[in-house]
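Here is what each chain is made of, one letter per residue.
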Amino acid sequence: MEAMKLLHLKPNSLLPFTIFSIKRSSSFLPKPSILSLFCSTQTQTKTQTFSYGPSLHKGKIAPETPFQTQNPITHQPEVGEDNNPLFDEQKFTRVFHLAALRVPANDCFALENGLRGHLLNWPRVKNIARVPGDEIEEEMMTFFDKRKDGEENNEEENEEFESLVLYREKLAKEFNYRGFVKFKNLAKISRPGKRKKKKKNGDGEMKGNERKECCLVEVLEEEEEDEMKGLLGEEFKGGRKWKGSTRLLLLDERYGDKGFEELPQAIKAVFVGETIENRSSTIELVRCKLTLFYDYWQMNEILETMLPEGMIIPSAFETVGHIAHLNLKDEHLPYKNVIAKVVLDKNKPKIQTVVNKIDVIQNDYRTMQLEVLAGNHSLVTTVVENGLRFRVDLAKVYWNSRLATERLRLLSGFNRNDVICDVFSGVGPIAVSAAKIVKRVYANDLNPFAVEYLERNSVLNKLEKKIKVFNMDGRRFINAMFSSEKAHSITHVVMNLPNDAAEFLDAFRGVYRNQPRDKEFNFPMIHVYGFSKARDPEFDFHERIRIALQEVAVNVDMRRVRLVAPGKYMLCASFILPKSVAFAECSLNV
Ligand SMILES: C[S@@+](CC[C@H](N)C(=O)[O-])C[C@H]1O[C@@H](n2cnc3c(N)ncnc32)[C@H](O)[C@@H]1O
């Protein structure tokens with residue numbers, strides 16, 4: 001039996017925990033089929049020319065569930081529609097054999113600096129591994145040594161004190177309150193730890209915001225490992241082992257199977273230096289197993305092994321609050337549940353629900369037909385945009401986070417004297433944000449659910465006093481606004497319904513026709529959004545605006561907002577309502 005110490009490695013917090021990365025080329029690596037990945041158990045992945053870094057095509061596939069090599073935080077397997085687990089996460093466990101230097105804790109940073117280039121440099125694996133329970137302070141060590149050396153001749157107790165942690169715990173229990181406080185070391189252990197205790201919910205599952213261990217280092221103790229004997233050669237043997245706190249410096253994967261003689265000079269020099277200083281054996285060369293669990297691998301690494309050869313790995317999704325919104329291609333649909341589970345697993349806790357868009361947006365309210373593929377089924381979420389909070393129900397209202405930058409640009413043109421009229425306001429990303437800046441906002445939407453959320457969002461952001469909400473057709477709304485006294489104050493009109501907004505511009509024809517011409521009028525700036533697939537999108541959109549306004553010359557400031565599909569642009573045209581349009585005789589029948 002191998003004697004092992006379990007060391008838990010936390011993901012390196014300095015390294016960004018990126019979810020998506022570009023599909024790595026693994027052309028020279030054999031790609032296991034989806035079947036082989038689900039069915040094989042013990043086989044080693046095929047040998048290959050040396051490729052650097054961790055990979056699911058490298059290392060050993062872990063043998064079936066020996067307790068100590070499994071991830072201590074076990075997952076409840078997700079189930080598919082037929083109630084079968086979607087896939088076995090254990091099949092993504094990979095074991096790598098490495099060499100490491102076990103060094104006194106105080107020396108580890110100096111040694112780490114000196115050994116740069118020879119240490120393991122894998123993402124999310126720290127090359128300095130801590131040994132839990134091996135934080136031994138000098139005073140404690142002396143005390144422990146004394147007991148071991150027979151000053152306290154209780155055999156039974158000494159056995160019990162094999163573990164220093166247990167020993168400290170026992171001492172802590174035995175001390176009365178006063179003695180406890182006086183004894184510095186025990187007082188230290190009595191303090192509540194800085195780390196928050198892991199809480200479990202009723203089902204014993206991890207709570208969303210807790211980080212799981214993604215890898216584990218097990219030291220193969222030299223004395224009990226035959227292969228380890230003589231690893232360092234005779235000259236480095238026989239010294240007293242370091243009994244204080246230690247750290248492991250994980251060596252580069254290239255040295256995993258090398259004997260001492262084969263190690264580079266820089267590493268050997270560490271031992272030679274020690275021998276000269278007559279401090280032999282405070283540093284040990286040990287073999288260890290690094291196990292990387294399902295949680296270690298990134299989404300694309302997992303999917304690359306599960307999707308058929310040549311299939312594009314879905315590499316992006318939109319997020320709306322806690323919802324990840326996929327846009328899967330037809331070829332992905334047979335794997336939609338597997339893809340969704342991986343997206344969910346790799347993006348928890350931020351993502352709690354994964355949905356796929358079923359159809360292109362067709363309805364009046366611009367809502368999407370969504371299929372929930374993984375996670376909880378709630379499509380009501382909160383989005384934070386420009387420092388404001390918006391409640392949205394994706395099943396009932398429109399929301400597009402991709403327009404956040406455009407909304408910011410639009411808002412940058414408003415000031416505190418402005419009065420805004422938002423004709424197609426949805427749940428209020430423009431209207432509510434504008435209310436923070438301007439004097440007054442009139443916001444309208446045809447969708448009663450959008451209006452309900454707009455009202456809630458006004459209150460949520462404490463801006464309800466500045467926003468007046470309407471629920472009517474856009475054309476009627478324009479007419480109602482401009483035939484009332486409000487018309488004199490409105491400085492900007494926003495029309496964000498890119499499919500049809502241009503065609504609503506006819507509503508402005510004759511809005512002031514009944515007003516005396518000598519009166520002072522406000523001619524608001526109109527910002528209208530539209531799509532165009534034309535070769536010259538600006539010209540095309542300008543034409544649509546001119547036709548709707550029935551005006552030959554309109555001075556329009558046009559800009560491309562974004563490319564929404566190949567060859568299809570979203571545009572924003574801004575222009576001042578022409579006087580000739582506002583006073584036109586023909587009017588709209590609303
Ligand atoms: C593209 S969304 C834009 C919503 C919002 N401005 C935003 O940026 O999220 C268009 C909105 O127009 C609303 N809408 C569609 N037809 C309408 C009409 N005839 N009159 C008023 N609103 C309408 C839809 O319900 C939807 O909320």
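These numbers were taken from a predicted model, which means no experiment stands behind them.

Looking only at helices and strands, the protein has 16 helices and 20 strands in total. The 590 residues of the protein split such that 48% are buried. Counting only contacts in the protein whose residues sit at least 6 apart along the sequence, the fraction spanning at least 24 positions is 72%. For the protein, the exposed area adds up to about 30,900 Å²; of that, 51% sits on carbon and sulfur atoms.

The immediate surroundings of the ligand are formed by 20 residues, with D364, F424, D445, D473 and G474 found nearest. Contact distances for the ligand include 3.0 Å between an oxygen atom and a side-chain N or O atom of R407. At 2.8 Å, a side-chain N or O of D473 approaches a nitrogen atom of the ligand. Its free accessible area being 590 Å², the ligand has 97% of it covered by the protein chains. Across the shell around the ligand, the residue classes tally to nine nonpolar, six polar and five charged. Split by domain, the residues of the shell around the ligand number at least three in each of domain 3 (314-378) and domain 4 (398-582).

So, about the environment of K268. Following the sequence through the fold, K268 ends up in helix α8 (residues 265-276). With residues up to four places along the chain from it excluded, the contact list for K268 reads F260, E261 and L263. A polar atom in the side chain of K268 sits 2.8 Å from the backbone oxygen of E261.

The terminal C-alpha atoms of helix α15 (residues 537-549) lie 18 Å apart, and with 13 residues this matches the ideal 18 Å at 1.5 Å per residue to within 8%. Within α15, burial applies to P537, F541, R544, I545, A548 and L549. All buried residues of α15 project into a common sector of 125 degrees when viewed along the axis, lining one side. Opposite the buried face of α15, by more than 90 degrees, sit the exposed residues F539 and I547. At its buried positions, α15 is contacted by β18 (525-532), β19 (557-565), β20 (568-576) and α16 (579-582). Just downstream of α15 lies Q550, where phi reads positive at about 55 degrees.

By the alternation rule, side chains of strand β9 (residues 323-326) split into I323 and H325 and A324 and L326, which are all buried. Bridge count between strand β8 (residues 318-320) and β9: three bridges; the pairing is antiparallel. Among the inter-strand pairings, E318 is bridged to a residue of β9, identified as H325. Here four bridges tie β9 to strand β10 (residues 353-357), and the two strands are oriented parallel to one another. Looking across to β10, one finds that A324 is bridged to V354.

Turning our eyes to something else, we now look at the sheet that holds β9. The sheet built from four strands is open, its strands ordered β8-β9-β10-β11 with mixed pairing. Each edge of the sheet is formed by a strand with only one pairing partner; in this case those strands are β8 and β11 (370-375). With direction set aside, neighbouring strand axes in the sheet form an average angle of 30 degrees. Seen against the sheet, helix α10 (residues 336-347) touches β9, β10 and β11 and runs at an angle of roughly 55 degrees to β11.

Whenever strands of a sheet pair, they do so through backbone hydrogen bonds, lying parallel or antiparallel. Read across the sheet, seven strands follow the order β16-β15-β14-β17-β18-β20-β19 without closing on themselves; strand pairing throughout is mixed. Each edge of the sheet is formed by a strand with only one pairing partner; in this case those strands are β16 (467-470) and β19. Within the sheet, the average angular offset between the axes of one strand and its neighbour, ignoring direction, is 15 degrees. The pairing of strand β17 (residues 492-495) with β18 spans four bridges and is classified as parallel. The residue of β18 that forms the bridge with H492 is M525. Contacts between helix α13 (residues 448-460) and the sheet are confined to β15 (440-444) and β16, with β16 contributing the most and set at about 170 degrees to the helix. In this fold helix α14 (residues 474-482) packs onto β14 (419-422), β15, β16 and β17, with an angle of close to 150 degrees to the strand it touches most, β15.

What follows deals with the packing of helix α9 (residues 299-306) against α10. Here α9 crosses α10 at 160 degrees, and the two axes come no closer than 10 Å. By the angle between their axes, α9 is roughly antiparallel relative to α10. Like other packed secondary-structure pairs, α9 and α10 cross with a definite hand, here right-handed. Along its contact with α9, which presents M299, I302, L303 and M306, the element α10 presents V338, I339, V342, V343 and K346. Across the contact of α9 with α10, the residue classes break down as eight nonpolar, no polar and one charged.

What counts and what doesn't
- Residues numbered from 1 in each chain as written.
- Predicted model: local features only at pLDDT ≥ 70, side-chain atom pairs only at ≥ 80, totals over all residues.
- Heavy atoms only, no water.
- Helix = DSSP H or I, 4+ residues; strand = E, 2+ residues; numbered from the N terminus.
- Buried < 20%, exposed > 50% of the residue type's maximum accessible area, 1.4 Å probe, protein only.
- Contact = heavy atoms within 4.5 Å.
- Areas by Shrake-Rupley, 256 points an atom, 1.4 Å probe, with all protein chains shown as cover.
- Near = heavy atom within 4 Å.
- Polar contact = N/O pair within 3.5 Å; in protein donor to acceptor, adjacent residues only side chain to side chain.
- Nonpolar A, V, L, I, M, F, W, Y, C, P; charged D, E, K, R; others polar.
- Domains from an automatic or database assignment.
- Expected span 1.5 Å × (residues − 1).
- Arc of directions from axis to C-beta.
- Pairing = 2+ DSSP bridges.
- Axes fitted to C-alpha atoms, helices over the stretch in contact; angles between N-to-C directions.
- Parallel < 35°, antiparallel > 145°, perpendicular 65-115°, else oblique.
- Left-handed = near helix turned anticlockwise from the far one by under 90°.

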